[in-house]
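In case you want the letters, here they are:
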Amino acid sequence: MIRVSPLPVRTLTGAVFGAAVEVAAIVAALALYPSGFGEGRDRRGPGSWPVAPSDGTVALPALSTDSPILLVHGLCSNRAIFHIMRRGLRQAGFRRVAVLNYNWLNNDVRGAARLLADQVERVCEDSGHERVHVIGHSLGGVVARYYAQRMGGDARVHTLVTLGAPHTGTLAAALPLPVRAIRQLRPGSDVLAELAEPAPGCGTRFVAFHSDLDELIVPAANARLVHPDLRIRNVPVRAVGHVSLPMHARVVGEVCRVLHDAHDAEPLAAA
């Protein structure tokens, strides 16, 4: 009698279930997409977030659940992809959650990073906080990394969480599509080569979630972040597809834990 190891069976079952969840996530993302047009930040006017009092001294930035979180979506997406993530963050106690809504067809990585820089400044001004946490999905993770690593954004970004971001590119971007942002996600592109350059003193803490079932990051390991000058934690995820990452309850819960853990990290210099 031939005995079949239960491990491959469990792995196959997990992959099939994960694929089914990914299909459901894609359907949900398509249904939510029209609701994601327009302004992505919370509907609060300037000054509606409490502003920290200033006595002329410079204090270390406060890291609490009051710290603002900024979400950055990826290709073929908008702020609607973060519907479940936003709800999970708020349930975890993070009250200030905003989204950068940008046109991925008209903006490449560098252009979107400049938009992110402007949004971060607005969030810091409105909230009274010196620093923010950023969560970037797919292309949004590369955009946020470019801002933090190459544009001095580490002075503002305490923790950057990336979900399925092609840090070393993806072969899926080899499709002959006339979108500059997609070309920049090809392995060896000028943007990825720039991100591979030395980044001494970068103060942002990086946490990269990568899934073995990510169908758009090819190979899937390219969503791992490896750089000698950066403080990095790579988090493996099993049987979760690319679109599912910002919607999956297990991933959302782990992201919340990562950001709560950030409060116990060593303090960084004030911006």
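Below or above, wherever it landed, is the structure these notes cover. The numbering scheme is per chain: residues are counted from 1 as the chain's sequence reads. This being a predicted model, a pLDDT of at least 70 is required before a residue's local features are given, and a value of 80 or more before pairs of side-chain atoms are given or counted; all residues contribute to the totals for chains, interfaces and linings. Note that the side-chain values use all heavy atoms of the structure and ignore hydrogens as well as water.

So, on to the environment of G164. Structurally, the position occupied by G164 is in the loop between β4 (157–163) and α5 (180–183). With 60 residues separating them along the chain, G164 and R224 place their C-alpha atoms 8.3 Å apart. Put simply, DSSP H or I for four residues or longer makes a helix, DSSP E for two residues or longer makes a strand, and each gets a number counted from the N terminus.

A separate point is the packing of helix α3 (residues 109–127) against helix α4 (residues 139–150). Their axes nearest at 8 Å, the elements α3 and α4 cross at an angle of 70 degrees. Of the possible angle classes, the one that applies to α3 and α4 is roughly perpendicular. Read as a crossing pair, α3 and α4 show a hand that is right-handed. The segment α3 lies against α4, with V109, R110, A112, A113, L116, A117 and V120 engaging L139, V142, V143, A144, Y146 and Y147. Only Asp, Glu, Lys and Arg are considered charged, only Ala, Val, Leu, Ile, Met, Phe, Trp, Tyr, Cys and Pro nonpolar, and every remaining residue, Gly among them, polar. Class assignment for the residues of the contact of α3 with α4 results in 12 nonpolar, no polar and one charged. A fitted line through C-alpha atoms represents every axis, and for helices the fit uses only the stretch in contact; the resulting angles, taken between N-to-C directions, go from 0 to 180 degrees. Relative orientations are named as follows: roughly parallel for angles under 35 degrees, roughly antiparallel for angles over 145 degrees, roughly perpendicular for angles from 65 to 115 degrees, and oblique for any other angle. With the far helix as reference, a near helix turned anticlockwise by less than a right angle produces a left-handed crossing, and one turned clockwise produces a right-handed crossing. Contacts are residue-level and defined by heavy atoms, with any inter-residue pair within 4.5 Å sufficient.

Further remarks concern the pattern of salt bridges. When a carboxyl oxygen of Asp or Glu is within 4 Å of a side-chain nitrogen of Lys or Arg, the pair counts as a salt bridge. A complete count under the given rule lists 10 salt bridges for this structure. R110 serves as the salt-bridge partner of E194, at 3.0 Å between the closest nitrogen and oxygen. With E194 in helix α6 (residues 190–195) and R110 in helix α3, the pair connects residues that are 84 residues apart, well separated along the chain. Each residue is assigned to one of three classes by its accessible area relative to the maximum for its type, calculated with a 1.4 Å probe on protein chains only: buried under 20%, partly exposed between the two thresholds, exposed over 50%. Under the relative-accessibility criterion, R110 is labelled buried at 18%. Put simply, R238 and D212 hold a salt bridge, and the shortest N to O gap is 3.9 Å. With R238 in the loop between β6 (231–237) and α7 (249–261) and D212 in the loop between β5 (205–211) and β6, this residue pair connects regions lying 26 residues apart in the sequence. Under the relative-accessibility criterion, R238 is labelled exposed at 54%. Within the structure, one salt-bridge network assembled from shared partners comprises R110, R150, D190, E194 and E197.

Note that all results are geometric; they support no functional claim without further evidence.
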